[in-house]
Amino acid sequence: MEIALTNTLTRRKEPFVPADPKRVTMYVCGSTVYNHPHIGNARPAVVFDLLFRMLRQKYDADAVLYASNYTDIDDKIIRAAAEAGVSIDVITNKFARIYREDVGALGVLAPTFEPRATAHVGDMIALIEKLIAQGSAYAVPSGVYFSVAADADYGKLSRRAQEDLQAGARVEGEDDKRHPSDFALWKASKPGDPSWDAPFGAGRPGWHIECSAMIAAQLGETIDIHGGGLDLVFPHHENEIAQSESAYHAPLARVWMHNGMLTMDKEKMSKSIGNIVTVRELLEQGWQGETIRWALLSGHYRAPLDWSDDLLKQAQASLDRLYGALLRLKDVEAADVEAPAAFVAALADDLNTPAAIAEISALVTNANNAKKAAEQAAAKGALLAAANLMGVLTEEPSTWFRASFGEHAALAIDTLVAERVAARNRKDWAEADRLRDALAEKGVEVMDGPSGSTWRRKG
Ligand SMILES: [Zn+2]
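Since this is a predicted model, take the numbers as computed values, not measurements.

Some remarks on the overall build of the protein
Right, on to step 1. When you go through the protein residue by residue, the secondary structure sums to 16 helices and 15 strands.
Right, on to step 2. Oriented by its inertia axes, the alpha-carbon framework of the protein measures out at about 90 × 50 × 35 Å.
Right, on to step 3. Taken over 459 residues, the protein has a buried fraction of 43%.
Right, on to step 4. Put simply, 72% of the contacts in the protein that link residues at least 6 apart link residues at least 24 apart.

So, helix α15 (residues 407-425)
Right, on to step 1. The terminal C-alpha atoms of α15, which comprises 19 residues, lie 27 Å apart, in line with the 27 Å expected from a rise of 1.5 Å per residue.
Right, on to step 2. Backbone geometry just after α15 places lysine 427 at a positive phi near 60°.

Remarks on the pairing of strand β15 (residues 452-457)
Right, on to step 1. Across 6 bridges, strand β14 (residues 444-449) lies against β15 in antiparallel orientation. Bridging across to β15, valine 444 finds its partner in arginine 457.
Right, on to step 2. Linking β14 back to β15 in an antiparallel pair, the connection comprises 2 residues.

What about the pairing of strand β9 (residues 223-229)?
Right, on to step 1. Counting buried residues along β9, 7 of its 7 residues qualify, which places the element largely inside the surrounding structure.
Right, on to step 2. Bridge analysis of strand β3 (residues 24-32) against β9 gives 3 bridges, and the strand direction is parallel. Bridging from a neighbouring strand, tyrosine 27 pairs with histidine 226 of β9.
Right, on to step 3. Pairing of β9 with strand β10 (residues 253-259) involves 6 bridges; the strand directions are parallel. Bridge pairing in β10 links isoleucine 225 to valine 255.
Right, on to step 4. Read as a crossover between parallel neighbours, the route from β9 over helix α7 (residues 233-248) to β10 is right-handed.

Re the sheet that holds strand β6 (residues 143-146)
Right, on to step 1. As summarised here, the arrangement of the 4 strands in space is β5-β6-β7-β8, forming an open sheet in which the pairing is antiparallel. The open sheet has two free edges, formed respectively by β5 (137-140) and β8 (203-205), since each of these has just one partner strand. Across the sheet, the mean angle from the axis of one strand to that of its neighbour is 20°, orientation sign disregarded.
Right, on to step 2. Judged from the 4 bridges that link them, β6 and strand β7 (residues 183-188) form a sheet pairing that is antiparallel. When the bridges of β7 are listed, glycine 143 appears paired with lysine 187.

What to know about the packing of helix α4 (residues 121-133) against helix α6 (residues 207-218)
Right, on to step 1. Running from amino to carboxyl end, α4 crosses α6 at an angle of 105°, the nearest separation of the two axes being 9 Å. When the axes of α4 and α6 are compared, the pair comes out roughly perpendicular. Contact with α4, carried on its side by Asp123, Met124, Leu127 and Ile128, involves Ile209, Glu210, Ser212, Ala213, Ala216 and Ala217 of α6 and no other residues of that element.
Right, on to step 2. When grouped by side-chain class, the residues that make up the contact of α4 with α6 number 7 nonpolar, 1 polar and 2 charged.

Focus: the environment of lysine 190
Right, on to step 1. Note that lysine 190 resides in the loop between β7 and β8.
Right, on to step 2. Taking C-alpha positions, lysine 190 is 28 Å from arginine 97, a pair spaced 93 residues apart along the chain.

Focus: the environment of aspartate 336
Right, on to step 1. Positionally, aspartate 336 belongs in the loop between α10 (309-328) and α11 (341-348).
Right, on to step 2. Through-space distance from the C-alpha of aspartate 336 to that of alanine 378 is 7.9 Å; in sequence the pair is 42 residues apart.

Some details on unusual backbone geometry
Right, on to step 1. Backbone torsion omega between phenylalanine 234 and proline 235 reads 5°, so that peptide bond is classified as cis.
Right, on to step 2. Tracing the chain through its elements places proline 235 in helix α7.
Right, on to step 3. Positive phi, close to 60°, is recorded for leucine 393, a residue that is not glycine.
Right, on to step 4. The exposure class assigned to leucine 393 is buried, which follows from the 21 C-beta atoms found within 10 Å.

A few points about the packing of α4 against α7
Right, on to step 1. Packing of α4 against α7 brings their axes to within 10 Å, and their N-to-C directions diverge by 70°. If you check the angle between α4 and α7, you find them roughly perpendicular. Helix-helix and strand crossings are classified by hand; for α4 and α7 the assignment is left-handed. Contacts from Leu127, Lys130 and Leu131 in α4 reach Gln243, Ser246 and Ala247 in α7.
Right, on to step 2. Taken together, the residues that form the contact of α4 with α7 break down as 3 nonpolar, 2 polar and 1 charged.

The rules behind these values
Residues numbered from 1 in each chain as written. Predicted model: local features only at pLDDT ≥ 70, side-chain atom pairs only at ≥ 80, totals over all residues. Helix = DSSP H or I, 4+ residues; strand = E, 2+ residues; numbered from the N terminus. Buried ≥ 20, exposed ≤ 12 C-beta atoms within 10 Å, placed from the backbone. Contact = placed C-beta atoms within 7 Å. Expected span 1.5 Å × (residues − 1). Pairing = 2+ DSSP bridges. Right-handed = clockwise from strand over helix to strand, strands pointing away. Axes fitted to C-alpha atoms, helices over the stretch in contact; angles between N-to-C directions. Parallel < 35°, antiparallel > 145°, perpendicular 65-115°, else oblique. Nonpolar A, V, L, I, M, F, W, Y, C, P; charged D, E, K, R; others polar. Left-handed = near helix turned anticlockwise from the far one by under 90°.

Spelled out as C-alpha cells, the structure:
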C-alpha cells in the first residue's frame with residue numbers, strides 16, 4: 001500500500017515517502033488551553049489521529065513519532081487567568097486535561113509527544129538568539145520581531161507576494177517594528193504578566209516561535225508531515241517556515257497537510273453568532289464519542305464540513321448498521337484477518353474517508369449475508385479490522401445500543417424484552433407479539449438467537 005497525501009506546499013497529491021521509514025515524524029499544531037475544545041478543534045485531532053493510525057500500520061507502531069503541542073502561554077490564557085484570579089497554570093492544567101479527555105472520548109490516541117510551550121521557553125530563546133545573530137530578527141523595546149524582508153522565501157506556503165503582505169498587514173499597536181508584516185517572536189512583558197528572562201529582555205514567546213522550537217526539540221529540524229487546520233496556513237505556518245528554515249537552512253516539513261473548516265448549519269462558527277458547540281456539550285447531549293468521530297470523518301478532510309444534528313443522526317444510523325452486524329454475529333469468533341485491500345487503498349488515497357466508509361458499508365452487507373460459519377468469521381474479522389483503523393466499533397454491540405438510548409430507556413427496554421422472553425417460554429404468542437410491537441414503537445428490534453434475545457435500534 002502506497003500512501004498519497006495532498007501537499008499544501010506544492011498544491012499536489014504526492015506519494016508519501018518519509019526520510020527514514022524507521023523514524024516517521026509528524027507534528028500537528030495543538031490546542032490553546034484556556035477553554036473547552038469545540039467541534040471545530042476536534043476535526044484536526046480526529047483527522048490526524050486517523051493518519052497516525054495509518055502510518056503506524058504501515059511503518060510499525062514504534063516507528064511513528066507524532067507530536068502535538070499545548071499552547072499554554074498566550075494573551076487569551078493570561079486574560080482568562082486574570083479574570084479567574086488564578087495563575088495561568090491553574091487554567092492551562094485544567095484545560096489540557098479536559099482537552100485530552102474530550103478528544104480521548106472521540107477515540108483520538110495519545111500522540112507520542114505532547115509538549116507544552118512553557119517547558120520549551122529555553123529552546124525558543126536560543127532559536128530567537130540565532131535569528132537575531134544572523135540578521136533575520138531584531139530586538140526593539142516592544143519585543144523581538146522576525147524581519148520578513150530578510151527572508152526571500154517568505155510567502156511560499158500561502159503563495160502571497162511580499163508586496164501584498166506589506167500593503168495588507170495590520171499594525172497591531174507595535175509601532176516600533178520596522179515593517180508592518182514583521183511578526184513578533186518575543187513580546188516584552190507588561191507589568192504583572194508571566195515573563196521569562198532573556199538576553200534580549202524579559203518577556204514571553206510569540207505563538208509562532210513556540211511550534212518552531214518544539215518541533216526542533218521533539219522531532220528534529222526537518223519533519224515528514226506538518227498538519228493543522230486550513231486557517232493556520234497564513235500567518236501561523238508561513239511564519240513557522242520563515243523562522244525554522246531561516247535558522248536551520250533546511251525544509252521544516254516535506255509535506256504540509258491542512259484540514260478544511262467546519263461550519264455550523266451552513267454558517268461560520270463564531271462566538272459572536274453563538275453557534276459554537278463544544279465536544280463536551282455534544283457528549284452531554286447523549287451523542288456517543290464514536291458517533292461524533294464518524295460524523296467528522298464522513299466528509300473528506302480537505303473539504304469544508306457542515307456540522308448539524310442531521311449529520312450526527314446519519315453517523316449514528318451508519319454506526320448502528322455496523323453494530324447491528326456485530327450483534328447478529330455475536331456468537332461467531334472473528335477470523336484474524338487484515339483490513340481489506342480496497343478499504344485500505346481508499347484511506348491511503350489522501351485519507352479518502354467517504355470512499356473508505358462506502359467500503360465498510362459493503363463489508364457490513366457481506367457480514368449480513370454470510371451464511372456459512374467460515375464466511376461469517378471472515379466477514380466479521382474484515383469488518384473489525386477496517387473499523388479498528390477508523391477508530392470505531394470499540395464497544396460491545398449491546399453496550400452501544402444501550403448507550404444510544406440512554407441507560408434509563410435501556411432498562412425499560414430490557415424489562416420489555418425479558419417479559420417477551422417469559423411470554424414465549426409459556427407459549428403466550430399473543431402477548432409475545434404485543435410486546436414485540438410495543439418495542440418496535442420505541443424504535444427497538446428484538447433479535448432472537450440460540451443464546452437468547454438481544455435488541456438493537458431499528459434500522
Ligand atoms: Zn503551530
